[in-house]
Amino acid sequence: MDANFETLIASYIADKVGIADHFLSDDLCYHLKANLLALSDDQQLDTAGVGNDGKMVFDDLIRNDKIYWLDKAHNNRHETEFLEKIEAFIEYLNETCFTNIKSYEFHYSLYEIGSFYRAHLDQFEDDTKRQFSMVSYLNPHWKTQDGGELFIHQKPKNQAIVPMQGKTVFFKSDELQHEVLVTNERRFSVTGWLKRG
């Protein structure tokens with residue numbers, strides 16, 4: 001068992017927001033970021049929307065990041081390494097917390113300078129399969145003035161989480177409104193959901 005799995009779960013139980021500062025190794029972060037940059041250079045990133053299936057809306061006043069879905073079928077060993085780590089975490093989560101997670105979906109996210117994502121929940125009104133949200137950051141040497149924090153709306157005290165390389169954040173998809181504040185540097189992450197069904 002990876003000690004970061006327990007760190008993520010224990011901090012979630014304590015505060016409804018799990019944080020593990022070293023969930024991803026520096027080496028894996030480096031290669032995932034390099035892959036994301038290559039995809040961006042090849043213009044393979046898609047404009048991110050809001051909603052699901054036929055209800056997808058594209059509104060750059062709500063969000064203006066670019067995404068690319070991860071898939072083992074890409075035969076990229078670093079994507080596969082990341083997804084295998086997620087699978088191991090799901091197995092541990094199901095064994096220790098009886099969450100009954102059956103599947104997952106993850107995408108790269110690239111926020112260019114000036115980009116943001118307004119406050120939202122991650123679970124759709126007509127589809128409750130998403131149970132937990134996870135965000136892993138790929139940004140070395142991030143500074144306070146770089147902005148781009150994950151801002152969690154949570155009473156009695158909101159949280160602003162710095163998107164530092166290796167850090168992973170974990171929370172219930174239907175509970176906490178959150179947003180990505182305006183970023184002053186290019187911001188890289190892998191974002192996804194653990195699902196029932």
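Scroll up a little and you will see the structure.
Since the structure is predicted, the reported quantities are computational estimates derived from the model, not experimental observations.

Caption draft 1: Examining the nonpolar core more closely. Counting 33 residues, the largest nonpolar core has F23, F82, F89, M134, F170 and L194 as its most contacted members. Breaking this core down by element, the ones donating at least two residues are α1 (3-15), α2 (26-41), α3 (77-97), β4 (103-111), β6 (130-137) and β11 (187-195). It is α3 that provides the largest number of residues to this core, a total of seven residues. In this structure, F89 is in contact with F5, L8, I9, F23, M134, F170 and L194, ignoring residues within four places of it in sequence. Counting residues in hydrophobic clusters, the runner-up holds nine residues, among them V17, Y137, I161 and L176.

Caption draft 2: Local environment of the packing of aromatic side chains. If you walk through the whole model with that rule in mind, you get 12 aromatic pairs. When the centroid spacing of 5.4 Å and the interplanar angle of 70° are considered together, the rings of Y12 and F170 count as edge-to-face. One end of the pair, Y12, is in helix α1; the other, F170, is in strand β9 (residues 168-172), with 158 residues separating them in the sequence. Just as Y12 is buried, F170 falls in that class too. A centroid spacing of 5.4 Å and a plane angle of 80° characterise the contact between F82 and F106, whose relative ring orientation is edge-to-face. Residue F82 is located in helix α3, and its partner F106 is located in strand β4; the two are separated by 24 residues in the primary sequence. Feature note: the residues F5, Y12, F23, F89, Y92, F132 and F170 constitute an aromatic cluster, connected by ring pairs. Sitting above the plane of the F116 ring, R118 keeps its charged end 3.9 Å from the centroid. Over the ring of F132 we find K172, and its NZ or CZ is 5.3 Å from the ring centre.

Caption draft 3: Broad picture of the environment of I152. Tracing the chain through its elements places I152 in strand β7 (residues 150-153). When residues no more than four places from it in sequence are discounted, the contact partners of I152 are V17, N158, Q159, I161, F171, L176, Q177 and H178.

Caption draft 4: Quick peek at the sheet that holds β7. Spatial strand order, β5-β10-β7-β8: four strands in an open sheet with antiparallel pairing. Two strands lie at the open edges of the sheet, namely β5 (117-120) and β8 (159-161), each paired on one side alone. Adjacent strand axes in the sheet meet at a mean angle of 15°, parallel and antiparallel pairs treated alike. Sheet analysis places β7 next to β8, joined by three bridges and oriented antiparallel.

Definitions and cut-offs
Residues numbered from 1 in each chain as written. Predicted model: local features only at pLDDT ≥ 70, side-chain atom pairs only at ≥ 80, totals over all residues. Heavy atoms only, no water. Core = buried A, V, L, I, M, F, W, Y, C linked by side-chain atoms within 4.5 Å. Buried < 20%, exposed > 50% of the residue type's maximum accessible area, 1.4 Å probe, protein only. Helix = DSSP H or I, 4+ residues; strand = E, 2+ residues; numbered from the N terminus. Contact = heavy atoms within 4.5 Å. Phe/Tyr/Trp six-rings, centres within 6.5 Å; stacked < 30°, edge-to-face > 60°. Lys NZ or Arg CZ within 6 Å of the ring centre and 35° of its normal. Pairing = 2+ DSSP bridges. Axes fitted to C-alpha atoms, helices over the stretch in contact; angles between N-to-C directions.

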